[in-house]
Amino acid sequence: MGEDPASKVYVANKKKACEYIGINSFEYKLPEETTEEEVIELINKLNNDNTVSGILCQLPVPKHINEEAIINAIDPKKDVDAFHPINVGKIMTGNYDFVPCTPAGVMELIKESGIDVTGKECVVVGRSNIVGKPMSMLLLHQNGTVTVCHSKTKDLKAKTKSADILVAAVGIPNFITGDMIKEGAVVIDVGINRIAPKTLVGDVEFDTAKEVAGAITPVPGGVGPMTIAMLMKNTLKAAEVNKTV
Ligand code: GUN
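Residues numbered from 1 in each chain as written. Predicted model: local features only at pLDDT ≥ 70, side-chain atom pairs only at ≥ 80, totals over all residues. Heavy atoms only, no water.

Participant: Kindly report on the overall build of the protein chain, identifying the contributing residues and their values.
Facilitator: Secondary structure summary: the protein chain contains nine helices and seven strands in total. Relative to the 2.2 N^0.38 estimate, which gives 18 Å for 245 residues, the radius of gyration of the protein chain is 18 Å and therefore close to what a compact globule would have. Along the first, second and third principal axes, the C-alpha set of the protein chain runs to 50 × 40 × 35 Å. A buried classification covers 44% of the 245 residues belonging to the protein chain. At a minimum sequence separation of 6, the contacts of the protein chain that also span at least 24 residues come to 64%. By element, 55% of the accessible surface of the protein chain is carried by carbon and sulfur atoms, the whole surface being about 13100 Å². Of the side-chain charges in the protein chain, 26 are positive and 31 negative, and the distance between the mean point of each set is 3 Å. (Helix = DSSP H or I, 4+ residues; strand = E, 2+ residues; numbered from the N terminus. Rg over C-alpha atoms; globule rule 2.2 N^0.38 Å. Buried < 20%, exposed > 50% of the residue type's maximum accessible area, 1.4 Å probe, protein only. Contact = heavy atoms within 4.5 Å. Areas by Shrake-Rupley, 256 points an atom, 1.4 Å probe, with all protein chains shown as cover. Lys, Arg positive; Asp, Glu negative; His and termini not counted. Charge placed at Lys NZ, Arg CZ, Asp CG, Glu CD.)

Participant: Outline the site of the ligand, listing residues and values.
Facilitator: Every residue close to the ligand is listed here: K14, L56, C57, Q58, L59, D81 and F83. The backbone of C57 places a nitrogen or oxygen atom 2.9 Å from a nitrogen atom of the ligand. The separation between a nitrogen atom of the ligand and a polar side-chain atom of D81 is 2.6 Å. Coverage of the ligand by the protein amounts to 83% of the 280 Å² it exposes when considered alone. In the shell around the ligand, the residues fall into four nonpolar, one polar and two charged. (Near = heavy atom within 4 Å. Polar contact = N/O pair within 3.5 Å; in protein donor to acceptor, adjacent residues only side chain to side chain. Nonpolar A, V, L, I, M, F, W, Y, C, P; charged D, E, K, R; others polar.)

Participant: So, the nonpolar core: which residues are in play, and what are the values?
Facilitator: Counting residues in each nonpolar core, the largest one holds 34 residues, and the members touching the most others are V106, I110, L139, I165 and V167. Among the elements of the structure, α1 (5–21), α5 (101–112), β1 (121–125), α6 (132–141), β3 (165–168), β4 (186–189) and α9 (223–241) are those that each provide at least two residues to this core. Counting residues per element, this core draws most heavily on α9, which supplies seven residues. Not counting chain neighbours up to four residues away, the residues in contact with I165 comprise I110, I115, V117, K120, E121, C122, V123 and V186. Of all hydrophobic cores here, the second largest spans 17 residues; its members include I43, I55, I65 and A73. (Core = buried A, V, L, I, M, F, W, Y, C linked by side-chain atoms within 4.5 Å.)

Participant: Run through unusual backbone geometry, naming residues and quoting values.
Facilitator: The step from L59 to P60 runs through a cis peptide bond, and the omega angle for that step is 5°. Mapping P60 onto the fold places it in the loop between α2 (36–47) and α3 (67–73).

Participant: Run through the sheet that holds strand β7 (residues 215–216), naming residues and quoting values.
Facilitator: Taken together, five strands build an open sheet; the order of strands is β2-β1-β3-β4-β7 and the sheet is parallel. The outermost strands of the open sheet, each flanked by one partner alone, are β2 (145–149) and β7. Taken together, the five bridges between β1 and β2 define a ladder with parallel strand orientation. Looking across to β2, one finds that V125 is bridged to C149. Across the face of the sheet, α6 comes into contact with β1, β2 and β3 while running at roughly 170° to β1. (Pairing = 2+ DSSP bridges. Axes fitted to C-alpha atoms, helices over the stretch in contact; angles between N-to-C directions.)

Participant: An account of the pairing of β4 is needed here, citing residue identities and associated values.
Facilitator: The alternating pattern of β4 places V186 and I188 and V187 and D189 on opposite faces, both of which are buried. Where β3 meets β4, four bridges bridge the pair, whose relative direction is parallel. Bridge pairing links A168 to D189 in β4. Pairing of β4 with β7, which is carried by two bridges, proceeds in the parallel orientation.

Here is the structure:
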């Protein structure tokens, strides 16, 4: 919906991934002035279309649209972003079908790198519904000792410096600097910040952080592609759950 430039890039990348692995994707590009009722009508149509396995609404939505109403309208069984309150609740209990794509991508990177989360000090900087909150739950399910930091956190540096695993998801360019990181820590940068037309940077100042981190993800090319891979995984799962393949 609307004209968010970053959304256009994300949606194009998602479509490309679908094409690459053989999932049919259908894009509904809705103009800025679309009403909430019209969007919900479209979602209902897709909810009831048994050739559609998964649905996502790229965020952010225009200001006059209630984001929560849109998320709530998506059939939880087709909610491949795992944003619907039913799926959010399932993430809390640990009995879930869909995992939110970005936190799932982070967990996959950790697992594939042979890093055991059990007993580790995990610090998540950022408390968004899309990343920070579900991220903390997934780390907790893997037996991490989790601290969630945010804009009101006192002495942030003391918290980040205690982290064995540090996840930065604040959306502020180069916010986490090398001096805020413990020697040998695993640093995962979820930020994608466009600071110039062709320059993307993360929430972590890579050059200073890489000198102290034991492992670190770059931006671009770190968590971003994992988010899309996890979306594909959720969509395949949705196809199985909804018996649309
Ligand atoms: N906007 C930023 N990240 C996301 C995401 O993971 N899913 C959707 N639908 N919108 C987003």
